[in-house]
Amino acid sequence: MQTPRTIVIIGAGEIGQALTRGLSVNRDKVILCDADFNQACSFVEQLKSTNPASDVEALLCSYEATWEADIILLACATCNEKKDIARKIRPVASQKIVVTVEEGVKDLEELLPDSHIVQAFTGLQVTDFERSYSQKNTIECMISGKDQEALNTVTGLVETLGFKPSPCPIL
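Residues numbered from 1 in each chain as written. Predicted model: local features only at pLDDT ≥ 70, side-chain atom pairs only at ≥ 80, totals over all residues. Heavy atoms only, no water.

Peer 1: What should I look at first to understand the packing of aromatic side chains in this one?
Peer 2: Think of a pair of aromatic rings as described by two things: how far the centres are apart, and how the planes are tilted against each other in angle. Applying the stated criterion across every chain, the model contains four aromatic pairs. With a centroid separation of 6.2 Å and an interplanar angle of 40 degrees, the aromatic rings of Tyr63 and Trp67 are classed as tilted. Taken as a pair, Tyr63 and Trp67 lie in helix H3 (residues 62-67) at a separation of four residues, close to a single helical turn. Residues Phe121 and Phe163 carry aromatic rings whose centres are separated by 6.3 Å and whose planes lie at 65 degrees to one another, so their mutual orientation is edge-to-face. You can see Phe121 sitting in the loop between strand S6 (116-120) and helix H6 (126-134) and its partner Phe163 sitting in the loop between helix H7 (148-160) and strand S8 (164-167), a full 42 residues away along the chain. By the burial criterion, Phe121 is buried, and Phe163 matches it. One aromatic cluster is present, formed by Phe121, Phe129 and Phe163 through successive ring pairs. (Phe/Tyr/Trp six-rings, centres within 6.5 Å; stacked < 30°, edge-to-face > 60°. Helix = DSSP H or I, 4+ residues; strand = E, 2+ residues; numbered from the N terminus. Buried < 20%, exposed > 50% of the residue type's maximum accessible area, 1.4 Å probe, protein only.)

Peer 1: Can you help me understand the sheet that holds S6 in this one?
Peer 2: Sheet strands associate in pairs through backbone hydrogen bonding, adopting either a parallel or an antiparallel arrangement. If you walk across this open sheet you meet the eight strands as S3-S2-S1-S4-S5-S6-S7-S8, and the pairing is mixed. Edge positions in the open sheet fall to strand S3 (56-59) and S8, since each of these has one partner strand only. Going from strand to strand, the sheet's axes swing by 25 degrees on average, the running direction of each strand aside. Bridge count between strand S2 (residues 29-33) and S3: four bridges; the pairing is parallel. Paired with Cys33 across the bridge in S3 is Leu59. (Pairing = 2+ DSSP bridges. Axes fitted to C-alpha atoms, helices over the stretch in contact; angles between N-to-C directions.)

Peer 1: Hey, could you run me through the pairing of S2 in this one?
Peer 2: Looking along a regular strand, one sees the side chains alternate between the two faces of the sheet. Of all five residues in S2, five are buried, a share of seventy percent or more. Going residue by residue along S2, you find Lys29, Ile31 and Cys33 tucked away on one face and Val30 and Leu32 tucked away on the opposite face as well. Sheet topology note: the strand S1 (residues 6-10)/S2 ladder contains five bridges and is parallel. By the bridge assignment for S2, Ile10 is matched with Cys33. Viewed along the sheet, the connection from S1 through helix H1 (residues 14-23) into S2 turns out right-handed. Regarding topology, helix H2 (residues 37-50) serves as the crossover connection from S2 to the parallel S3, and that connection is right-handed. (Right-handed = clockwise from strand over helix to strand, strands pointing away.)

Put into structure tokens, the structure is as follows:
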């Protein structure tokens, strides 16, 4: 049995919410972080009402949230927002897995040189997440990165969310 991890999802937009919803049914603790704290809180309350056993919470501060994280998922709206968050969390993201759902891995590697950067969920839509729950392992999810242990961990997350992992060439 795997020890529960703390997974921080930064960005409470559609993809961030889909990731939170899918990972909240796991034994892991999930923290949803967004500058729009009211949106994050509202979504977390909705999740808890449908699944009271889920260990999910909302936090406003990405630095505070990632302090205790094992895995950090960047589901930010823009590239500039992702860069700003990377700069902010750099002191507490060392040796942690940081997953970006968008392009820009090289930028993250420069901003977070001591983190294990993985790209996953790129190009997926909210409807893909909804279908993945009912059509397990039929929708492919690209995963790429340089650290094999981080890739293995993210592969597990991809499978938990019902996607079929599709490894891509090392970045």
